[in-house]
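Residues per chain, in single letters:
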Amino acid sequence: MSTNPLVIVFDVNETLSDMSPMAERFTEVGAPATVAKLWFATLLRDGFALTAAGDNGTFAEIGAEALRGLLTGTGLNRELGPAVEHIVEGMASLGLHPEVPDGVRALRQAGYRLITLTNGSTTVAEKLFEPAGIRDAFEALLSVENAPAWKPAPASYGYAAQASGTAPSEMLLVAVHPWDIHGAAKAGLQTAWINRTGAPYPGYFTPPDHTVMLLTELPTVLAGKRT
């Protein structure tokens, strides 16, 4: 049976940030709103492919290149370069899901050490947390840009464990992505899946240790494990 974690590791994109406004960025340049989700999925796919091949590309570079491919021939209302720039800038202006600040504060007040581990840039996390007043709740903002590989490769979670001076078994990853939950579990971390949409969890991935609909539910769930 797993013990109560000492360190809670947060994924950032979609887990903490609300990426739904990105659809508007696409429509503003004349592209269909539905391309927003396709773009993010393509970005992750190509990042994962590079990791599997032993490389480690940056989120920003892969994202921009993926956009150029997806937007070509879509009837944009401006040149391709400015369209890509407009969409990429949207990542820096996203906000948090409404319950996130209260959930983060409650977990910190409960005594957990909090860090992030993102496949993106730590700058995005900074811009998310500062306006919400929760930056000080996190002792470290980590990115795979400084790790050997992207999540869900084991080395990415190992990097977080080393950076926090904590054994993987004493860490808990919080994410909305089942692939991230699976990767963390295989690396020896405990896991918590935020399922805001009520979607079924894929049976081919290792199931999470905890499932919540909102981050604010997690402190109570973890409190029930304390002995």
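Residues numbered from 1 in each chain as written. Predicted model: local features only at pLDDT ≥ 70, side-chain atom pairs only at ≥ 80, totals over all residues. Heavy atoms only, no water.

Asker: Any chance you could break down the overall build of the protein for me, citing the residues and the numbers?
Answerer: Of the regular secondary structure elements, the protein holds nine helices and eight strands. On C-alpha atoms alone, the protein measures out to a radius of gyration of 18 Å, which is about the 17 Å that the 2.2 N^0.38 rule sets for 227 residues. Dimensions of the protein, computed from C-alpha atoms along their principal axes, come out at roughly 60 × 35 × 30 Å. Of all 227 residues assigned to the protein, the portion counted as buried reaches 49%. Carbon and sulfur atoms provide 55% of the accessible area of the protein, an area that totals close to 10,300 Å². (Helix = DSSP H or I, 4+ residues; strand = E, 2+ residues; numbered from the N terminus. Rg over C-alpha atoms; globule rule 2.2 N^0.38 Å. Buried < 20%, exposed > 50% of the residue type's maximum accessible area, 1.4 Å probe, protein only. Areas by Shrake-Rupley, 256 points an atom, 1.4 Å probe, with all protein chains shown as cover.)

Asker: Describe in detail empty space enclosed by the protein, supporting the description with residues and values.
Answerer: One pass over the structure, following the stated rule, counts one cavity of 30 Å³ or more. As a volume, the largest cavity reaches approximately 50 Å³. Along the walls of the largest cavity sit Asp 11, Asn 13, Phe 40, Leu 44, Phe 59, Thr 118, Asn 119, Gly 120, His 177 and Trp 179, which together make up its complete lining. Among the residues making up the lining of the largest cavity, the classes are represented as four nonpolar, five polar and one charged. (1 Å grid on protein atoms, 1.4 Å probe; cavity = no way out; pocket = protein on both sides within 12 Å on 5 of 7 lines; lining within 4 Å. Points joined across faces, edges and corners; volume = space filled by probe spheres on them. Nonpolar A, V, L, I, M, F, W, Y, C, P; charged D, E, K, R; others polar.)

Asker: How would you sum up the sheet that holds strand 4 (residues 113-118)? Please name residues and give values.
Answerer: What holds strands together in a sheet is hydrogen bonding between their backbones, with the strands either parallel or antiparallel. Across the sheet, which stays open at both edges, the six strands sit in the order 5-4-1-6-7-8 with parallel pairing between neighbours. Of all strands in the sheet, those with a lone pairing partner are strand 5 (140-143) and strand 8 (210-212), marking the two edges. Pairs of neighbouring strands in the sheet enclose a mean axial angle of 25°, with direction left out of account. Direction of pairing for strand 6 (residues 171-175) relative to strand 7 (residues 190-194): parallel, over a ladder of four bridges. Residue Leu 173 lies in a different strand from strand 7, and its bridge partner there is Thr 191. This element, helix 7 (residues 154-164), spans strand 4, strand 5 and strand 6 of the sheet and lies at about 145° to strand 4. Set on the sheet, helix 8 (residues 178-186) makes contact with strand 6 and strand 7; between it and strand 7 the angle comes to about 170°. (Pairing = 2+ DSSP bridges. Axes fitted to C-alpha atoms, helices over the stretch in contact; angles between N-to-C directions. Contact = heavy atoms within 4.5 Å.)

Asker: Residues and numbers for the environment of Met 91, please.
Answerer: Tracing the chain through its elements places Met 91 in the loop between helix 4 (80-90) and strand 3 (95-96). For the pair formed by Met 91 and Ser 17, sequence separation is 74 residues and the distance between their alpha carbons is 9.4 Å. Apart from the residues lying within four places of it in its own chain, the contact partners of Met 91 are Asn 13, Met 19, Met 22, Trp 39, Phe 59 and Val 124.

Asker: Please provide a residue-by-residue account of the pairing of strand 4, values included.
Answerer: With five of six residues buried, strand 4 lies mostly within the body of the structure. Bridge count for strand 1 (residues 7-10) against strand 4 is four bridges, and the pairing is parallel. Each residue of the ladder has a partner; that of Ile 8, found in strand 4, is Leu 114. Note that strand 4 and strand 5 share four bridges and pair parallel. Each bridged residue has a counterpart across the sheet, and for Leu 117 the counterpart in strand 5 is Leu 142. For the crossover that starts at strand 4, traverses helix 6 (residues 122-132) and ends in the parallel strand 5, the hand is right-handed. (Right-handed = clockwise from strand over helix to strand, strands pointing away.)

Asker: Run through the packing of helix 3 (residues 59-71) against helix 4, naming residues and quoting values.
Answerer: Put simply, helix 3 and helix 4 touch, their axes get as near as 10 Å, and they point 125° apart. Comparing their axes, helix 4 and helix 3 come out oblique. For the pair helix 3 and helix 4, the crossing hand works out as right-handed. Across the interface between the two elements, Ala 64, Leu 67, Arg 68 and Leu 71 of helix 3 pack against Leu 80, Ala 83, Val 84, Ile 87 and Val 88 of helix 4. (Parallel < 35°, antiparallel > 145°, perpendicular 65-115°, else oblique. Left-handed = near helix turned anticlockwise from the far one by under 90°.)

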